[in-house]
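Inside the fold
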Amino acid sequence: MGWVVDSYIIVLVGFGALVLLTAWLPMVLREAPLSLPILCVAIGAAVFALPPLAGVVPRPQDHLPVIERVSEMLVILSLMGAGLKIDRPFGWKGWAVTGRLLGVAMPLTILGLALVGWLVLGLGAAAALLLAAALAPTDPVLASDIQVGPPNSGEESQTRFALTSEAGLNDALAFPFVHAALALAVAGQTGEPWLGHWLSVDIVWKLGAGLAMGVLVGRGLAWLLFRVPDRARLSRSGDGFVALGITCVVYGLTEMVQGYGFLAVFVAGLTLRAGERRHAYQGTLHDFAEALERLLMMALLVGFGAAISGAGLLAGLTWEGVVFGLIALVVVRPLTAWIGLAGTGGSLAERAIISLYGIRGIGSIYYLSYALGRGSFDGEDLLWSTLAFTILVSILLHGATVTPVMRAFERRQGRKEKPGR
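Residues numbered from 1 in each chain as written. Predicted model: local features only at pLDDT ≥ 70, side-chain atom pairs only at ≥ 80, totals over all residues. Heavy atoms only, no water.

For the pair helix α2 (residues 36-47) and helix α11 (residues 280-310), the least separation of the axes is 6 Å and the interaxial angle reads 45 degrees. The angle between the axes of α2 and α11 places the two elements in the oblique class. For the crossing formed where α2 meets α11, the hand is right-handed. Contacts from Leu 36, Pro 37, Cys 40, Val 41, Gly 44 and Ala 45 of α2 reach α11 at Arg 294, Met 297, Met 298, Leu 301, Val 302, Phe 304, Gly 305, Ala 306 and Ser 309. For the contact of α2 with α11, the per-class residue count stands at 11 nonpolar, three polar and one charged. (Axes fitted to C-alpha atoms, helices over the stretch in contact; angles between N-to-C directions. Helix = DSSP H or I, 4+ residues; strand = E, 2+ residues; numbered from the N terminus. Parallel < 35°, antiparallel > 145°, perpendicular 65-115°, else oblique. Left-handed = near helix turned anticlockwise from the far one by under 90°. Contact = heavy atoms within 4.5 Å. Nonpolar A, V, L, I, M, F, W, Y, C, P; charged D, E, K, R; others polar.)

Judged by side-chain polarity, Val 104, Leu 108, Leu 111, Leu 115, Trp 118, Leu 119, Leu 335 and Ile 339 come together as a nonpolar surface patch covering roughly 760 Å² of accessible area. Residue assignment for the nonpolar patch shows that the elements contributing at least two residues are α4 (96-119) and α12 (319-340). Top contributing element to the nonpolar patch by residue count: α4, with six residues. You can see Leu 115 is positioned in helix α4. For Leu 115, a relative accessible area of 41% corresponds to the partly exposed category. (Patch = residues over 30% accessible without salt bridge, like charges linked within 9 Å, V, L, I, M, F, W, Y side chains within 5 Å. Areas by Shrake-Rupley, 256 points an atom, 1.4 Å probe, with all protein chains shown as cover. Salt bridge = Lys/Arg side-chain N within 4 Å of Asp/Glu carboxyl O. Buried < 20%, exposed > 50% of the residue type's maximum accessible area, 1.4 Å probe, protein only.)

Turning our eyes to something else, we now look at the side chain of Thr 159. Checked against the element boundaries, Thr 159 lands in helix α6 (residues 158-173). When sequence neighbours within four positions are dropped, the list of residues in contact with Thr 159 reads Glu 350, Ile 353, Ile 354, Met 406 and Phe 409.

Mean pLDDT over the chain stands at 85; residues scoring 70 or higher make up 90%. A low-confidence stretch, residues 416-421 stays under pLDDT 50, and its non-local contacts, those more than four residues away or across chains, total 27 contacts. (pLDDT = per-residue confidence, 0-100.)

For the rest of this paragraph, the subject is the environment of Asp 139. Structurally, Asp 139 can be placed in the loop between α5 (125-135) and α6. For Asp 139, a relative accessible area of 1% translates into the label buried. Residues Asp 139 and Trp 338, spaced 199 residues apart in sequence, show a C-alpha to C-alpha distance of 18 Å. What Asp 139 contacts, discounting residues up to four positions off in sequence, is Gln 147, Ala 167, Ile 359, Arg 360, Gly 361, Ile 362 and Gly 363. Within polar-contact distance, the side chain of Asp 139 engages the backbone nitrogen of Ile 362 at 3.0 Å. (Polar contact = N/O pair within 3.5 Å; in protein donor to acceptor, adjacent residues only side chain to side chain.)

This brings us to the packing of α6 against helix α7 (residues 175-190). The interhelical angle for the contact between α6 and α7, taken along N-to-C directions, is 25 degrees, at an axis separation of 5 Å. It follows from the interaxial angle that α6 and α7 lie roughly parallel. Across from Asp 171, Ala 172 and Leu 173 in α6, the residues of α7 making contact are Phe 175, Pro 176 and Phe 177. Class assignment for the residues of the contact of α6 with α7 results in five nonpolar, no polar and one charged.

Dropping the structure here:
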């Protein structure tokens, strides 16, 4: 009788190995010129390039709803974690750099990437805008090595704060431009007017509802956790998985009222911190959200590597796509962020790091799968391949350099280095 292993057992072993790697790899890689995302992609690409597994991985383009929901969950967990770990209270002066990155750099980035997509890739207006909007926001998932530390850890330099707060807010602010791309795609087929609806609903209502729901639900949950009489105070449970429930409740309620859930989740995290900044339970909530986020990130990035080697995710990549990706990462983002930060008073080194480390990742995958599941765009395989190439280069380039660069910068600044993930 031949030796046969149930596929369920293989999956079980693989999942167990992934959990162990999630816990152990950050310690192993702390001093190495590698990041956890690089290793995850490499594992997925190597394993699913083996002959027995060749062709097993389905194309992401054929399973858009699954890709959308998995990446969505990972992004909202990351946004909650980012909101919970920012120590700085909200204020116009303290958040001025964030405002510049969101109000100046991000629109310029979308404009620049759309022009490059049109001129270099030959995309139509709708497809070029979609690719630009998907790649414009920096990623809260893959940027942990340059973000602030856990709550009340004191690891919140101006550089780390700017990159964390930008990643927390610009995922939501990319949504109006994704909706504009969808509206352009429909208008190209039907001639239907779209600008008025886009301004009133996709910008004013959805952004306003997301902000309002984040504040209201966040304040309500902060009261339940920290302000009710001691015997009933819910923070006494000490359960970190409450962070998952909070994230899902805030996101779901906001989506019910047609607001931007990404914005609401991050704002709710900030509001929870404001409710009781020094409480130890803040760290418990953050640690659970971060651990779950890391596990989902590893699973998705292993799948990303598998899709590259086993599903031909880069099969539609052209030399024009390569040029686009490199221009996006080393020209458009650094230039637009540098312009946005002009006059903010930071040192040249500080501005350079903020400008260069605009990491692309899971949020971009979400936006592309979201839009392609709701509209028809020209060159969809080219969009996927170009986006995947840009994310891959970002993971490799930024992941290999961020730890030594931040270590050298913070040593020079005399600040304590934040341990890598």
